[in-house]
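# Understanding the architecture of this molecule
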Amino acid sequence: MNSRYLTEKIKAEAKSLGFFACGIAKAEAVDNITADNYRRWIAEGHHASMHYLADNIDKRLDPRLLMDGVKSIICVALSYAPSVKIPSDQYQIAYYAYGKDYHDVMKQKLHTLAAACGITTYRAFCDTAPVLERYWAERAGLGWIGRNHQLIIPHAGSMFFLGELFVQEELEYDTPVRNRCGRCHACLDACPTSSIISNQSSITSNQSSFISSRCLSYLTIEHRGPIPHSSFLIPNSSFLIPNSIYGCDICQLACPWNRFAVPTTEPSFRPSEALLTMTKEKWHNLTEEQYRILFKGSAVKRAKYAGLMRNIGAIAHNS
């Protein structure tokens, strides 16, 4: 099977599986700027307590160390933009966690894609290995990495799960698209804890840094122990961050490109009726057994019952 035919088949099969976008990049070491920026980010401690991000940096910066003989990286994106949402006056959960655990859904689709294309030697990843997913999606032409550090797909936004197939076949490679954030800095302005900061004085620069320890997603999911009171305060004001008990979508909702987001058609990502009808009173009275039932097969399990109740208690206390 020649490279052009296989490339076309991969993209056609990816579309039939419901992936919004599919592109392919050559497997090679990441560019020097990206490598230097990542090492500096780790050295400055901006990964907070996520120590796994400092592990296997050599593999993270060169995918050829993750799989012998890999020549191509197939990148896919699957939308999770919701068609129905938790009422705005209730506690909120990040959209990506509305339905079933994306790791399981994406990995199954990636295995199906490989089988449909006759690819037998491969590795499938979805936020499960030291892979710079957004970098490779950008290299594969899916979109660009915006100031909010999310991958933004033209006229589609950033509410996508990313996945990769590492394969030994040489394929036709896509061309990266240009960054189209322009002069926009809506995500920086919207971030309530200033976790996204501009690296340069000129707002026209697309460079920004991300301080994990300030991010509401980090604090409500990855962070262990009490949440600092100051984390729920908007800098230079007395207003409190309302309702975010798991994750945060503020920088994405502020991004103009997400006005074009098309709701996902993946049934696994649809929230259950039980989740949609949760009230603040129900959240405060949630038992551990109810938690297990409500979030069976969900990414919310990462915070654990104690972590979720900590988040609920912190917001209620500060309010």
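The structure we're discussing is the one just above.
Now for a description of the structure that goes with this document. Since we're looking at a predicted model, the values are computed, not measured. (Residues numbered from 1 in each chain as written. Predicted model: local features only at pLDDT ≥ 70, side-chain atom pairs only at ≥ 80, totals over all residues. Heavy atoms only, no water.)

It is worth spelling out the overall build of the protein chain at this point. A tally of regular secondary structure across the protein chain gives twelve helices and ten strands. What you see for the protein chain is a C-alpha radius of gyration of 20 Å, in line with the 20 Å of a compact globule of 319 residues. Among the 319 residues that make up the protein chain, the fraction classed as buried is 49%. Contacts in the protein chain between residues far apart in sequence, at least 24 positions, make up 75% of those at least 6 positions apart. Surface accessibility of the protein chain: about 15,400 Å² in total, with carbon and sulfur atoms responsible for 51%. (Helix = DSSP H or I, 4+ residues; strand = E, 2+ residues; numbered from the N terminus. Rg over C-alpha atoms; globule rule 2.2 N^0.38 Å. Buried < 20%, exposed > 50% of the residue type's maximum accessible area, 1.4 Å probe, protein only. Contact = heavy atoms within 4.5 Å. Areas by Shrake-Rupley, 256 points an atom, 1.4 Å probe, with all protein chains shown as cover.)

As a further point, take the state of the cysteines. Taken as a whole and assessed by the stated rule, the structure comprises zero disulfides. Free of any disulfide, Cys22 has its nearest neighbouring cysteine sulfur in Cys75, separated by 8.1 Å. Looking at Cys215, it has no disulfide partner, and the nearest cysteine sulfur is the one in Cys248, 6.3 Å off. (Disulfide = S-S within 2.5 Å.)

Take helix α4 (residues 102-116) next. Here α4 contains 15 residues, and its C-alpha end-to-end distance of 21 Å stays within 8% of the 21 Å for a straight helix at 1.5 Å per residue. Considered for burial, the residues of α4 that qualify are Tyr102, Val105, Met106, Lys109, Leu110, Leu113 and Ala114. Along the axis of α4, the buried residues cluster in a sector spanning 165°; they form a single face. In α4, those exposed residues whose orientation departs by more than 90 degrees from the buried face are Asp104 and Ala115. Turning to α4, the residues buried within the fold contact α1 (3-16), β2 (72-79), β4 (122-125) and β7 (160-167). One or two steps after α4, the chain reaches Gly118, where phi turns positive at roughly 70°. (Expected span 1.5 Å × (residues − 1). Arc of directions from axis to C-beta.)

Remember, this is a structural readout, not a statement about activity or role.
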